[in-house]
Amino acid sequence: MLIKQTRYRLFFILLFLSCLLVTHNSFSVDTIQIFVERISLEQLLAQSENIDSKSLSDLKKKNQLLKQFKLDQLALTLDLTSTPVKLKIDLSKLQLPQPYTKITTLEVSCHDVSFEENKFSCDKGRVSFKGLFKGIAAQQITSADFLINYDIADDDLNLTIEQFNIGTGDLSFKFNLKGDRWQTTFKAKNLDYQFLNPYVKYYLSQEKKTDIIDKLENAGAIINFSGQASGILSSNAGNDGRLDAIKLTGNLHDGHYEYGDDLAEKLAFDFSFNLLHKPNKKLRTSASGNYQVSLSIDAHQGEIFQNDIYIVLNGNERIRTQFNYQSSNSINFSRFELSSKGFFTFKSQGKVLLHDVLKLHQLNAQIDIKNLFGFNQAYLNNILSGTDYEELQIEGGVSVNADKKNNTIEVTTRFKNFSMAFDETISLLELNGKIHWNNVDKSHKQKSSPVAESQLSWQELTLNHLPLGASQFNFITHNDFLKLTRETDIPIFDGALHINSLEVSQIFPQTNPQANSQISQQAAHNKSEGFTLTVDGMIKPVSMSLLSSYFDWPLLDGTLSAVIPSTTYNEKHLTIGGALMLHLFDGVIIIKDLQIDEPLKDYAQLFANIDLNNLNLKSLTKTYNFGEIEGRVEGKLTGLELSAWEPVAFDAYIRTPKNDKSSHRISQRAIDNLSSLGGASGLLSRSFLSFFETFRYDKIGLSCKLKNNICHMSGIEAKGNSYYIVKGGGIPRIDVMGFQRQVNWQVLTSRLKAIQLANEAVIE
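Overview of the structure.

So, how was this worked out
Throughout this document, residue positions are counted from 1 along each chain, in the order its sequence is written. Only residues with pLDDT of at least 70 are given local features in this predicted model, and only at 80 or more are side-chain atom pairs given and counted; all residues enter the totals for whole chains, interfaces and linings. Heavy atoms from the whole structure form the basis of all side-chain values; hydrogens and water molecules are not counted. Secondary structure elements follow DSSP: runs of H or I no shorter than four residues count as helices, runs of E no shorter than two count as strands, and numbering proceeds from the N terminus. In what follows, a contact means two residues having at least one pair of non-hydrogen atoms within 4.5 Å. Identification of polar contacts relies on pairs of N or O atoms within 3.5 Å, with a donor-acceptor requirement for protein atoms, meaning one able to donate a hydrogen and the other able to accept it, and with residues adjacent in sequence counted only if both atoms are side-chain atoms. Any two cysteine sulfur atoms within 2.5 Å of one another count as a disulfide. Burial here depends on accessible area, computed with a 1.4 Å probe over protein chains only, as a share of the maximum for the residue type. Under 20% is buried, over 50% is exposed, and the range in between is partly exposed. Two strands form a pair only when DSSP identifies at least two bridges running between them. Salt bridges are defined as contacts in which a side-chain nitrogen from Lys or Arg sits within 4 Å of a carboxyl oxygen from Asp or Glu.

Some words on the environment of Asp 192
Phase 1: With respect to the secondary-structure elements, Asp 192 resides in strand 9 (residues 181-192).
Phase 2: Residues Asp 192 and Ile 222 lie 30 residues apart in sequence; the distance between their C-alpha atoms is 4.7 Å.
Phase 3: Apart from the residues lying within four places of it in its own chain, the contact partners of Asp 192 are Ala 221 and Ile 222.
Phase 4: Of the polar contacts made by the side chain of Asp 192, one reaches the backbone nitrogen of Gln 194; its length is 3.0 Å.

Right under this line is the structure:
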């Protein structure tokens, strides 16, 4: 009632003028002028006879803005001689509340004024003024055409404003107020956001959204929209007014913003927005803040650089969402869809609780990327540019379905002909299958359905350049734990890696110190922490000729096989629990105590001990074109340490085994090569022994202890300051001596390379 009384009071003067017109036979008046020097809206209301002190006090408490409305030098002129009657209002200054500025030189004119039986109308109205807006717009003249009709008896007000210019754009709307209910239709054309920005920032500051205010400082756009809205001014229960519905459609172009390193340019999209009030049936009043909201956005173009991620909008992107807002308690999303035609679709529905913080209470979401190649080209390449993963290439399809209820999460991921290549060292061809996962910790008795078995298969997998054949994995995974459920073979050339068991624990980084219960028994036995992979299996014999040919090594005969129990990869450290056994050169090479730090990196660190058992020298020297040597050797490399795959330390020897019954013969070329390693060169070719092609020997041996880049060398026996590398036997007798006890490692390796190159030239 208070608002109605106020509205009647504002039209009191117009009613008085109407009476004068009706009684024109008694009065002869041509022009009526009213001049007011200064008045505030608060004073006007206070002088009303129909507003008691208590109502006025309540009004002041509800709306402190009244104190900020002040009018200076108001002049009202009514021309009764014209047909139709004309009305003109001039105002020097109107002081407005924040965030609006004052209005000056206000002119309002009606070229067709009518008073009929409690009805007032103004046709062909025109208004112009300066101010209202800040910045450049404050100095511009704002104008508009309007029409107003007011039926006092029915309390029905209609207002139409056309082409209300705001900067380079304009706004038109129709407004109807009948009783406490209002409705409006509106349309904006080429509205520059720069004119709206000060007011958006002001209202955000009232909500203490300072972070958003800073981001909008350098934002801009040109906006077009049209729509309608309705609501009530007050409820029957005396509550504040309420918005009942909004329907809004429009478009935005030339959108941009810049905040720190984040920016966007050339944004353009269409949008529509609908809001509908839904009364809460559980409450007696209809003023509860329950709303059904829908939003639709269709992108046309734009470039976005946000959080070091660069995205180019190609015009296929769109957003569809619909949700119910329930007062300040929760938001129920019945639909949220983000898609790009031909590339991907993301759909979800759920419930968000709004208490002290946002809490996702319930969620069902699906992601479907049917064209990963197109998705990679359109989005992922730009997103990953400048990162370690910018060379990632993918194709095929992948889909993810996620469900969250209370604190339980279940996720199913499906792959269809998924292929991937990265950095020429890792690739995957045609991965198919599905992964079922939930966040249930099996070490605690949580009530949930058992996780379904997952299955993945691929046609080819390449790890660190090593090709692995088609295989299939069956496993279960939950929380941060994965376990193989069936034995499997992964083909390697003509052999295979056979896996008896495999467990992975702490897949995800632990933020809770008590969340270590998923470590497998074997990993716990090894006292490992963090991400841990434990595998037990064996390597079925792999032909070394195929392996060496693929990696462009010297051609090797024999096979590689191994038993690998309790092998663990933990926190970037690989530890082989068993021994690798290589059947090479008609003998056996056993690699023990193998550990590798950062095995997938170029700067990997390797530690091992190696045993050489009964190797055939003829096969060995033939492989490396060293010159032919017949006989057998044994040896050890202890404390082997590689850094970036280059030797930095070891203690090694190779020698003829005791009681070796094999034939011991050595070629002239092999003698020369061994002599060069010991510090002498070409001695045999300068003596009469150069006429012999081969010689018998008793035993052979050489050792090197590498430390601080120096190889401390010795042979099978010492002789003064020198040492025997080959001790002759038979006639003619030939001994090969070493004279250098300490040799720089780079010098020694360069000698070996020179021997290899020279022998290759001889073969040619």
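Having seen the structure, we can now continue with the description.
Topic: the state of the cysteines
Phase 1: Scanning the model with the defined rule gives 2 disulfides in all.
Phase 2: The disulfide bridge from Cys 110 ends at Cys 122, spanning 1.6 Å between sulfur atoms. Taking the torsion about the S-S bond as the criterion, the Cys 110 to Cys 122 disulfide, at about -105°, is left-handed. One end of the pair, Cys 110, is in strand 4 (residues 103-116); the other, Cys 122, is in strand 5 (residues 119-131), with 12 residues separating them in the sequence.
Phase 3: Residue pairing for Cys 704: its cysteine sulfur links by disulfide to Cys 711, the two sulfurs lying 1.7 Å apart.
Phase 4: Residue classification places Cys 704 among the buried residues on the basis of a relative accessible area of 10%.
Phase 5: Look at the chain and number its bonded cysteines as they come in the sequence; the links are 1-2, 3-4.

Quick word on the environment of Ala 365
Phase 1: Mapped onto the elements of the fold, Ala 365 is located in strand 18 (residues 358-369).
Phase 2: Setting aside residues no more than four positions away along its own chain, Ala 365 makes contact with Phe 346, Lys 347, Ser 348, Val 400, Asn 401 and Ala 402.

Points about the environment of Arg 733
Phase 1: For Arg 733, the location among the structural elements is in the loop between strand 42 (722-728) and strand 43 (736-738).
Phase 2: For Arg 733, a relative accessible area of 45% gives the class partly exposed.
Phase 3: Separated by 35 residues in sequence, Arg 733 and Asp 698 have C-alpha atoms that sit 9.8 Å apart.

What about the pairing of strand 33 (residues 587-597)?
Side chains on a regular strand alternate between the two faces of the sheet.
Phase 1: Here 3 bridges tie strand 31 (residues 573-575) to strand 33, and the two strands are oriented antiparallel to one another. Pairing of Leu 574 across the sheet is with Ile 596, part of strand 33.
Phase 2: Between strand 32 (residues 579-584) and strand 33, which follow one another and run antiparallel, lie 2 residues, and Phe 585 among them has a positive phi close to 50°.
Phase 3: With 8 bridges connecting them, strand 33 and strand 34 (residues 605-616) associate as antiparallel partners.

Let's talk about the pattern of salt bridges
Phase 1: The full count for this structure, using the stated rule, is 15 salt bridges.
Phase 2: With a closest N to O distance of 4.0 Å, Lys 119 and Asp 151 form a salt bridge. On the criterion of sequence distance, the pair formed by Lys 119 in strand 5 and Asp 151 in strand 6 (residues 141-151) is long-range, its members being 32 residues apart.
Phase 3: Between Arg 242 and Asp 244 there is a salt bridge whose closest N-O contact spans 2.7 Å.

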